[in-house]
Amino acid sequence: MNSGGLVLIVGSLLAAAAAFIWMAVKLENGGGKGKAKGTQQDQLADAAKEDVEHIFNTEFREELRNRGRLHFEKILGENAMFLQQDLRQTTTQLNDYMRAEITRTLQEEFKKYEQSIVDAKQIALDSIEKTVATIEQQRQFLEQQMKSETDAQKDRLIQRFENEMATIVNHYVLQAIGSQIDVADQMDFILAEMQANKQAIVEDIKRGTS
Amino acid sequence: MEHLKLSTTVISPADVARLRRELNGLNDFFVDAQARHTGTAMQLPKLTRILNQLAKDNSVNLLEEADRNRLSEALGAAYEHAPTLHISFASEPSPKAMEKLIVWVRGNIHPQALVQVGLQPTVAVGCFLRTPNMAFDLSLRASLKKSQPQLVKLIDGAINGR
């Protein structure tokens, strides 16, 4: 910045200050005229006030009040209607929301309940299957045991029957013909048996007599 | 006497002993007859059919003392040494059955064999024979026991319908 610029700025500032001072003095001098003007304005205000009181009298005010009341009532009615609509809409939405929430909650609960039932059913089925498997195992074991016992008993009976077969058949033969058969009738059988053992008898007698 | 012929009526050692007693009685009778007083009445002894048969079979004159002695000695020998078979039956055998049995025994085992009969109800059918050292179960039960495989086969066939 050169000195010329600086001078220009300082000159501008001084000019502004002088204008400000002039304005202040001018205003100071114009205060007496304002008082006169203020009185005139007060008069005008009073006149206007009086005219206003003439225009806005009681009837007009009552009319305005009625109109205001009606307008207010109208606005209130409209707002009440809007409020009612909003309330109804809100209630509907709330109902829908509640219904949806309740439905969702119920469905979740039902799902949980259903899942619980399914789980319980599965557990019961598993338990039943295990029980059935155990019973089947027990049944097979018992069947095998009974079969082995039966076989053993059968074998024992057969063995005993075979061991005692001669006695049993002899018993039944005696039951059938015991009281009717005489020694004389048996003689052929006896002699045949003796004939079969003749050699042994003879040898034993020879040993006994020698 | 070489070989005493025993009739089928002489079955057991008891019969032999009874014959010996009878012979002894006969000897006593003849001794008494010789020692009797003249004119004394004598009661003639009655001989049993068995002794008569025995005397007849062995050609023995029972009026002769020597024959009687020989017969008595033979009977004593038979009583002492003849093989005796003990046979037990379920019931008392009839004389006819015993005769059949003794004929077979003397024809097949020994000519002077004696048989002592006993009772053993458990035998049921058949008999139980006992020799001096052995015993033979000749009952139906023993016979069935011997043929047990055959019985098993028969029963198996009856059960299975073959």
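My aim in this report is to walk through the structure given alongside it, one point at a time.

The rules behind each value
- Residues numbered from 1 in each chain as written.
- Chains lettered and ligands numbered in written order.
- Predicted model: local features only at pLDDT ≥ 70, side-chain atom pairs only at ≥ 80, totals over all residues.
- Helix = DSSP H or I, 4+ residues; strand = E, 2+ residues; numbered from the N terminus.
- Buried ≥ 20, exposed ≤ 12 C-beta atoms within 10 Å, placed from the backbone.
- Expected span 1.5 Å × (residues − 1).
- Contact = placed C-beta atoms within 7 Å.
- Axes fitted to C-alpha atoms, helices over the stretch in contact; angles between N-to-C directions.
- Parallel < 35°, antiparallel > 145°, perpendicular 65-115°, else oblique.
- Left-handed = near helix turned anticlockwise from the far one by under 90°.
- Nonpolar A, V, L, I, M, F, W, Y, C, P; charged D, E, K, R; others polar.
- Core = buried A, V, L, I, M, F, W, Y, C linked by C-beta atoms within 7 Å.
- Domains from an automatic or database assignment.
- Pairing = 2+ DSSP bridges.

Another point: the overall build of chain A. From N to C terminus, chain A includes six helices and zero strands. Starting at the N terminus, the α and β elements of chain A follow one another as α-α-α-α-α-α. Here chain A, with 210 residues, has 5% of them falling under the buried criterion.

On to helix 6 (residues 148-160) of chain B, then. Its 13 residues give helix 6 of chain B an end-to-end C-alpha distance of 18 Å, which sits within 8% of 18 Å, the value for a rise of 1.5 Å per residue. Across the 13 residues of helix 6 of chain B, zero count as buried, placing the element largely on the outside.

Quick look at the interface of chain A and chain B now. Contact with chain A, which involves 30 residues of that partner, is made by 33 residues of chain B. Among the elements of the structure, helix 4 (165-177), helix 5 (183-196) and helix 6 (198-209) of chain A are those that each provide at least two residues to the side of chain A that touches chain B.

Residue and element names in this part refer to chain B. At a closest axis distance of 10 Å, the pairing of helix 1 (residues 13-35) and helix 2 (residues 49-57) adopts a crossing angle of 85°. As judged from the angle between their axes, helix 1 and helix 2 are roughly perpendicular. Packed against helix 1, whose contacting residues are D15, L19 and E22, the element helix 2 presents I50, L51 and L54 at the interface.

Their axes nearest at 9 Å, the elements helix 5 of chain A and helix 4 (residues 95-108) of chain B cross at an angle of 15°. The angle between the axes of helix 5 of chain A and helix 4 of chain B places the two elements in the roughly parallel class. Along this stretch, helix 5 of chain A crosses helix 4 of chain B, giving a crossing that reads as right-handed. On helix 4 of chain B, the residues touching V183(A), A184(A), M187(A), L191(A) and M194(A) of helix 5 of chain A are K96(B), A97(B), K100(B), L101(B) and W104(B). Considering only residue class, the contact of helix 5 of chain A with helix 4 of chain B consists of eight nonpolar, no polar and two charged.

Attention now moves to the nonpolar core. If you look at soluble globular proteins, the nonpolar side chains tend to sit buried side by side. In terms of nonpolar packing, the biggest core is built from 39 residues, with L19(B), L75(B), V115(B), C127(B) and L129(B) touching the most fellow members. Counting only domains with at least three residues in this core, you end up with domain 1 (13-81) and domain 2 (84-146) of chain B.

Quick look at the sheet that holds strand 3 (residues 126-130) of chain B now. All names here are of chain B. Spatial strand order, 2-1-3-4: four strands in an open sheet with mixed pairing. Each of the sheet's edge strands pairs with one partner strand only, and the pair in question is strand 2 (114-119) and strand 4 (135-139). Strand-to-strand, the axes of this sheet are offset by a mean angle of 20°, without reference to chain direction. Taken together, the three bridges between strand 1 (residues 84-89) and strand 3 define a ladder with antiparallel strand orientation.

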